[in-house]
Amino acid sequence: MGLPRVDSSISTPSTPFPITPTTSSMKCPTRNMRMLRKLRCGFVVSMRKSDEKGLMGVRKESKKELSKILWTEAAIEGIEVKTGSRKHSTLWPKAVLEALDGAVREFRWEFALKIFGLLRKQHWYEPRCRTYTKLLMMLGKCRKPDEASMLFDVLLSDGLEPTIDVHTALVNAYGLSGLFDKAFSAIDDMKSVYGCKPDVHTYTVLINSCIKHRRFDLSGRVFEEMSYYGIECSTVTYNTLIDGYGKAGLFELMEKALSDMLESGSYLPDIFTLNSILWAYGNHGKLEEMEKQYEEFQLMGIEPDVRTFNILIRSYGKAKMYEKMESVIDFMRKRFFSPTVVTFNTIIQIYGRNGEIEKMGDIFLKMKHIGVKPNTVTYCSLVNAYSKAEKLYKLDSIIQQIENSDVVLDTPFFNCIISAYGRIGEVDKMEELFLAMREKNCKPDSITFATIIQAYNAKGMTEAARDMELKMIALQDVSGGGV
């Protein structure tokens, strides 16, 4: 299957998906204001109604997912109540372990450590390296290297001999936080432990951390050390290097890593390799190189997936090459690749960013028509586009749709819509949204405060701007330096 091309003899449709004609009436401004005022309680009420009605109209998959979330939350909260007591040393193992797994899965590191402390008090507790590995990996992702170090000491106090996986998780915790001296020291400690020498997974984890922190000098050092000890790179190792170099625009290093991968003969490129290379070239506007690599990977027998097509769509759209972008979409349809929410969000963002409001609206309608559920990214893109095009009356329907859905709103969405109203000086609506944000347990961040302060200053409301600055400082103090 070759890269989908545009046939100049065939007219390209104005929209990539067939749209069923619809009509809509413009909502009046008073209704827009009324719905905005409903935001303070409307989002919460709509969620409560969905609970009361047994989530009618929601798919079975959604019910199962919600049930799983509620069960996890209940398990965690139930165990958390007991963590502060010394009496609970005979708890049901299943309840404690499920609560621990739930906290780890949700990256609630403080609760996870409390539950783990309770677990260690149980009379049936047996220390396992596997449990420590899960906790260490979680702490690494949460950027908590000090806690990871203390947990490692607890493991030793439990009389366990750390496995390769435990050491690797500790290396990961240091590396992801940029503590490379400690990460390399941890690897040196592994070398001195019999049967616990660092393996390809350990080094790949460290390379990934170096790449994330753009320490390409260190990633090269790790690569050389692997060669010195005769440790062969895996497909994951090469893909980590290729992806990292590509995102940084280091094309020579990326191409060398690909060449080394091919020359190894043992570990061949896969779909992840293809997508990383296409994304790198496409993101930097090197579309000819992108198309060439697509064809070469086809010859190697590596077939594209939906993410591949999403990358091509994004790359062509970013370059405003709409005909090629729409030919990719048409190709997907003919080959029965179902567009995902990422596909639709990508197209909506492209059309919205370039002022193609009508096409953007048609794609949004098609998205809902075929049953792909919009998410907060979708709504942010719509809000940004309508705001940029000065069509703020369109926000009316967006708010209404959100109220009638089970979409979980987040801080970026509120920042987006607050910014839209702030730019045109609608401070009353902006304040309503700020209150709704807090009632939805969406924590304001530095962008939220900066947007509101800027809007106040633009309206000459210096006292209100100062009050908001004081709120931001107070929140920073409470959260330990970060909003």
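Just so we're clear, the structure is a prediction, and the values are computed from it rather than from any experiment.

Criteria and thresholds
- Residues numbered from 1 in each chain as written.
- Predicted model: local features only at pLDDT ≥ 70, side-chain atom pairs only at ≥ 80, totals over all residues.
- Heavy atoms only, no water.
- Helix = DSSP H or I, 4+ residues; strand = E, 2+ residues; numbered from the N terminus.
- Buried < 20%, exposed > 50% of the residue type's maximum accessible area, 1.4 Å probe, protein only.
- Areas by Shrake-Rupley, 256 points an atom, 1.4 Å probe, with all protein chains shown as cover.
- Salt bridge = Lys/Arg side-chain N within 4 Å of Asp/Glu carboxyl O.
- Patch = residues over 30% accessible without salt bridge, like charges linked within 9 Å, V, L, I, M, F, W, Y side chains within 5 Å.
- Lys, Arg positive; Asp, Glu negative; His and termini not counted.
- Charge placed at Lys NZ, Arg CZ, Asp CG, Glu CD.
- Axes fitted to C-alpha atoms, helices over the stretch in contact; angles between N-to-C directions.
- Parallel < 35°, antiparallel > 145°, perpendicular 65-115°, else oblique.
- Left-handed = near helix turned anticlockwise from the far one by under 90°.
- Contact = heavy atoms within 4.5 Å.
- Nonpolar A, V, L, I, M, F, W, Y, C, P; charged D, E, K, R; others polar.

A. Representation of the overall build of the protein in the model. Check the secondary structure of the protein and you find 24 helices and 0 strands. Within the span of the protein, comprising 483 residues, buried residues form 44% of the whole. For the protein, the exposed surface amounts to about 25600 Å²; the carbon and sulfur share of it is 53%.

B. Fine view of the pattern of salt bridges. Within the structure shown, the criterion is met by 13 salt bridges. For the salt bridge of D101 with K134, the shortest nitrogen-to-oxygen distance reads 2.7 Å. Here K134 lies in helix α5 (residues 129-141) and D101 lies in helix α3 (residues 93-105), a separation of 33 residues in the sequence. Linked through salt bridges whose partners overlap, the residues forming this network are D188, K191 and E225.

C. Structural detail: a negative patch on the surface. Side chains of E252, E255, E288 and E289 sit close together on the surface and give a patch of like negative charge. Residue assignment for the negative patch shows that the elements contributing at least two residues are α12 (251-264) and α14 (287-299). Relative to the helices and strands, E252 is located in helix α12.

D. Quick peek at the packing of α3 against helix α4 (residues 109-121). Between α3 and α4, whose axes approach to 8 Å, the crossing angle comes to 160°. With respect to α4, the axis of α3 lies roughly antiparallel. The crossing of α3 and α4 is left-handed. Of α4, the residues touching α3 (which contributes V96, L97, A99, L100, A103 and V104) are F111, A112, I115, F116 and L119. Each residue belonging to the contact of α3 with α4 can be placed in one class, and the counts come to 11 nonpolar, no polar and no charged.

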